[in-house]
Protein chains: 2
Amino acid sequence: MSVARRQSKPVIPLRKAAQLRQASPPLIDLGVLNERLGYFVRRVQVWVFQHFIRRLSSIDVSPAQFSVLVVIAANTGLSQSQLAVTLGIERARLARLLHHLERRGLMQRLPSSADGRRHALRLTRDGRKLLARAKTLAAQHESALKEKFGSDRYRLLLEALREF
Amino acid sequence: MSVARRQSKPVIPLRKAAQLRQASPPLIDLGVLNERLGYFVRRVQVWVFQHFIRRLSSIDVSPAQFSVLVVIAANTGLSQSQLAVTLGIERARLARLLHHLERRGLMQRLPSSADGRRHALRLTRDGRKLLARAKTLAAQHESALKEKFGSDRYRLLLEALREF
DNA sequence: TATTGTTATACTCTATAACTATA
DNA sequence: TATAGTTATAGAGTATAACAATA
């Protein structure tokens, strides 16, 4: 993600935006959006991605890349199809994403012994090392999210959304 | 959105994907993602967009376009900057989005009487008519979302996420 | 100097089709 | 025939810079 490159400048002043939204003279009405769960899910998701990308900018790992590394590490030898279905990523997009991670030396595609069409995915030593660092940063990101919601609401949201 | 054009063919078999995820022989472990609110927010948001786009495909209105039409209708005469800040859309992107809506005859940019730099935004008669239709379809979409979560959890989620 | 709106660039992501090689 | 993986394309969205007009 291109944003991962900007590290020092806080370009998206979300708090300022929130202030303006409340302080600007003619208060803007969200209309029916105020009653739409879909709208607020989108707003929170945008914040999550932006915050995640900034938090992991030093190691240049996007949310999608992180999820791929985590699932490969937890299921060594799985195929691309399995990975794609699990994470809801298109096969075509996953192929390019993995190509990128492979070029960075973070994972390998080995021939599957059981099925000649498949690749067995696994992290390299470098991949495992980077993932360890990524997990630390991602945990910090998640803590920030928990703090924004409060522990009780955070737990409640996690359990409710996981059921989806 | 490109997906808005496909109306008949149910290309993304989310239910089948869910079945595969649970039924495929080697059960895939989400690892640490299972404890990440950010991950599940993303998954729900993807479903929301896909479902919204399909539901409104007959009138070719994307989630972003819908939110823009709703807020203009509820705040006739507001400026592009106000609209951009309110919805968290980049000014640059909003300019093109509005250009598109204007070409479709759904809204107008009038010169602002107060500030020569600003445009005062308003819907045309066609815009108001299309918005009425869009609101009906969007309400159906939201009902489906409510049904997926259950009324209690839906209400709970709406109030929690709105606080963000 | 700062703000409003615009155009442009580069990259990510999604949806889709078409292709190969294997099963 | 169906599946696994690949490449390519089109469109949407995001991040950013630079510009003209106006304040």
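Residues numbered from 1 in each chain as written. Chains lettered and ligands numbered in written order. Predicted model: local features only at pLDDT ≥ 70, side-chain atom pairs only at ≥ 80, totals over all residues. Heavy atoms only, no water.

Peer 1: Explain the side chain of Q65(B) here, please?
Peer 2: All names here are of chain B. Relative to the assigned elements, Q65 resides in helix α3 (residues 63–74). The exposure class of Q65 is buried, given its relative accessible area of 11%. A polar side-chain atom of Q65 sits 2.9 Å from the main-chain amide nitrogen of S62. Sequence-distant contacts of Q65, that is, excluding residues within four places in its chain, are made with D60, L97, H100, L101 and R104. (Helix = DSSP H or I, 4+ residues; strand = E, 2+ residues; numbered from the N terminus. Buried < 20%, exposed > 50% of the residue type's maximum accessible area, 1.4 Å probe, protein only. Polar contact = N/O pair within 3.5 Å; in protein donor to acceptor, adjacent residues only side chain to side chain. Contact = heavy atoms within 4.5 Å.)

Peer 1: Is there a simple way to explain helix α5 (residues 91–103) of chain A in this structure?
Peer 2: Because an α-helix completes one turn every 3.6 residues, residues spaced three or four positions apart along the sequence face the same direction. Residues and elements named next belong to chain A. Over its 13 residues, α5 extends 18 Å from the first C-alpha to the last, a length consistent with the 18 Å expected when each residue adds 1.5 Å. Taken as a whole, α5 has its buried residues at L94, L97, L98 and L101. Angular distribution of buried residues about the axis of α5 spans 100°; they occupy a single face of the element. Relative to its buried face, α5 has exposed residues pointing more than 90 degrees away, namely A92, R96 and R103. The positive-phi residue at the C-terminal boundary of α5 is G105, with phi of around 75°. (Expected span 1.5 Å × (residues − 1). Arc of directions from axis to C-beta.)

Peer 1: When you look at the nonpolar core in this model, what are you seeing that I'm missing?
Peer 2: The tendency in soluble globular proteins is for nonpolar side chains to be buried side by side. Membership of the largest hydrophobic core comes to 95 residues, with the highest contact counts inside it found for V68(A), L83(A), V68(B) and L83(B). With residues up to four places along the chain from it excluded, the contact list for V68(B) reads L83(B), L87(B), I89(B), L94(B), L97(B), L98(B) and L101(B). (Core = buried A, V, L, I, M, F, W, Y, C linked by side-chain atoms within 4.5 Å.)

Peer 1: Quick question: what am I supposed to make of the side chain of S57(B) here?
Peer 2: All names here are of chain B. Turning to its location among the elements, S57 is positioned in the loop between α2 (37–55) and α3. When its relative accessible area of 10% is taken as the criterion, S57 is described as buried. For S57, the side chain forms a polar contact with the main-chain oxygen of R54, separated by 2.9 Å.

Peer 1: What am I meant to see in the packing of α2(B) against helix α6 (residues 125–149) of chain B here?
Peer 2: A pair of packed helices is characterised by two quantities: the angle between their axes and the separation of those axes. Residues and elements named next belong to chain B. Close contact between α2 and α6 brings their axes to 9 Å; oriented N to C, the two are set at 145°. For the pair α2 and α6, the sense of crossing is right-handed. Taking contact as the criterion, the partners of V44, W47, V48, H51, F52 and R55 in α2 are, on α6, L137, A138, Q140, H141, A144, L145, K148 and F149. Taken together, the residues of the contact of α2 with α6 sort by class into nine nonpolar, three polar and two charged. (Axes fitted to C-alpha atoms, helices over the stretch in contact; angles between N-to-C directions. Left-handed = near helix turned anticlockwise from the far one by under 90°. Nonpolar A, V, L, I, M, F, W, Y, C, P; charged D, E, K, R; others polar.)

Peer 1: I tried to follow the relation of the copies chain B and chain A on my own but got confused; where do I start?
Peer 2: Both copies of the chain are tied together by a single rotation about an axis and a shift running along it. Relative to chain A, chain B is turned by 180° and slid 0.0 Å along the rotation axis, the superposed coordinates differing by an RMSD of 0.0 Å. Expressed as an axis order, the relation between the two copies is that of a two-fold axis. (Least-squares fit on C-alpha atoms with pLDDT ≥ 70 in both.)

Peer 1: Would you explain the confidence of the model for chain A in this entry?
Peer 2: Regions with low pLDDT should not have their predicted coordinates read in detail. All names here are of chain A. With 84% of its residues at a pLDDT of 70 or more, chain A has an overall mean of 86. Summarising per-element confidence for chain A, the mean pLDDT is lowest in helix α1 (residues 14–23) (38) and highest in helix α3 (residues 63–74) (98). The model gives residues 1–24 a pLDDT under 50, and that stretch makes 25 contacts with residues more than four places away or in other chains. (pLDDT = per-residue confidence, 0-100.)

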